[in-house]
Amino acid sequence: MAWLNPTYFWTLILPLGAGLLFFLAAFRRRKLISRFGDRELVLRLSASISKRRRRWKAAFRICGVLFLAVALVGPRFGTQLKEVKREGIDLVIALDVSASMMAEDIAPNRLERAKNEIKNLVDELKGDRISLVTFAGDAFIQCPLTTDYGALRLFLDVADPSLIPTPGTDFGAALKMAIQAFEAPSGDPGQESRTKAVLFVSDGENHVADLQSIVDEARQSNIVLYAAGVGETDGAPIPEYRNGRRVDYKKDRTGAVVTTKLEEAVLQDLARDGSYFRIAKTSSSLPRITSALDQLDKTAYGSEEFEEYEERFQWPLFFGLLLLFVDWLIPERIRVKMEPSPNSTV
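Below is a summary of the structure that appears in this document. (Residues numbered from 1 in each chain as written. Predicted model: local features only at pLDDT ≥ 70, side-chain atom pairs only at ≥ 80, totals over all residues. Heavy atoms only, no water.)

1. Things to note about the pattern of salt bridges
Tallied over the entire structure, the rule returns 20 salt bridges. Among the salt bridges present, the one from Glu311 reaches Arg76, with a minimum N-O distance of 3.1 Å. Pair noted here: Glu311 is in strand 13 (residues 299-311) and Arg76 is in strand 2 (residues 75-88), with a separation of 235 residues, a long-range link. Judged by relative accessible area, Arg76 falls into the buried class, the value being 19%. Taking the shortest distance from any N to any O, the salt bridge between Glu264 and Arg278 comes out at 3.6 Å. (Salt bridge = Lys/Arg side-chain N within 4 Å of Asp/Glu carboxyl O. Helix = DSSP H or I, 4+ residues; strand = E, 2+ residues; numbered from the N terminus. Buried < 20%, exposed > 50% of the residue type's maximum accessible area, 1.4 Å probe, protein only.)

The following block contains the structure:
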């Protein structure tokens, strides 16, 4: 046996409180009767009030409150076997961790803002398998395809430029790693027929691959490409860090500060078969990708059987309301035939 709302166990003391209140009320009535004077006269004047009915009504109220408290806690017993089919798409998020993603034209910087937006996206997904690929001039699978979104968030937290020291932004290498993530053995016999999508999250700068060949390879693999541009088009310097502290800005061979800006045209061309989204300083259109993903064909990739307790709160709720209704139906007063006083005259 289990309980749906164990935090409401304290409500079980309410019937005791109600019983105590009824007892105190009865005690107070007896004291008031003694103050009026002649006890027999007072009892005769209040003969229409049935003490027996009053006790029964109190019992009905106390038991009614008890049953309602039990219903609120939510008893659950008796199990039934349920099967839940899992369906969705396979989504690989390719996150750019090149040095330019540390630019601070959007707070706190492009990379951290991108990671926050990805976390918000993950919160909106239901049933989809997700993988994380980090890339710069090279790429590797940070997290394989999984439905454990909590694990993906942990891998996302540690993503930074130190993971891939090779400079550049190689979308081709990122796509190859994404294809490897899709092809990784998972025990799913229908893996080949599953809908696949890749979301590139990058500033699009300093790319070192032929975009047309990337798009063609994605088409051959039946992969839909999406892109999210991070940053501003005005340009910003690239900070350099040492021991976690910013010490300078990146400079070229002449000593001039190197600036980086969002290359939207590159990312829009990359996502020509999908959709392009923008993560800007004060806004983000990335949440709209959930609508785009919902339009893709979802495939079943497994089922899960589990035992679930039957909810039994209905019975105590029914009895509690029934007792309170009976209490409402029973009047406290009865009809009493008054006998004439011996001293009365006609």
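2. Structural notes on the nonpolar core
Among the nonpolar cores identified, the biggest contains 36 residues, and Ile93, Leu95, Leu199, Val201, Tyr226, Ile289 and Leu293 are the most heavily contacted of them. Those elements that provide at least two residues to this core are strand 3 (90-96), helix 4 (110-124), strand 4 (129-135), helix 5 (149-157), strand 6 (196-202), strand 7 (223-230), strand 12 (276-279) and helix 9 (289-294). In terms of residues, this core owes the most to one element, helix 4, which gives five residues. Setting aside anything within four residues of it in sequence, one finds Leu293 in contact with Ile89, Leu91, Leu125, Ala197, Tyr226 and Lys298. (Core = buried A, V, L, I, M, F, W, Y, C linked by side-chain atoms within 4.5 Å. Contact = heavy atoms within 4.5 Å.)

3. A short note on helix 7 (residues 211-220)
All buried positions along helix 7 are accounted for by Leu211, Ile214, Val215 and Ala218. For helix 7, the angular spread of buried residues about the axis comes to 95°, placing them on one side. Buried-residue contacts for helix 7 involve helix 6 (171-183), strand 7 and helix 8 (264-270). Taken from the residues just after helix 7, Asn222 is the one with a positive phi, measuring 55°. (Arc of directions from axis to C-beta.)

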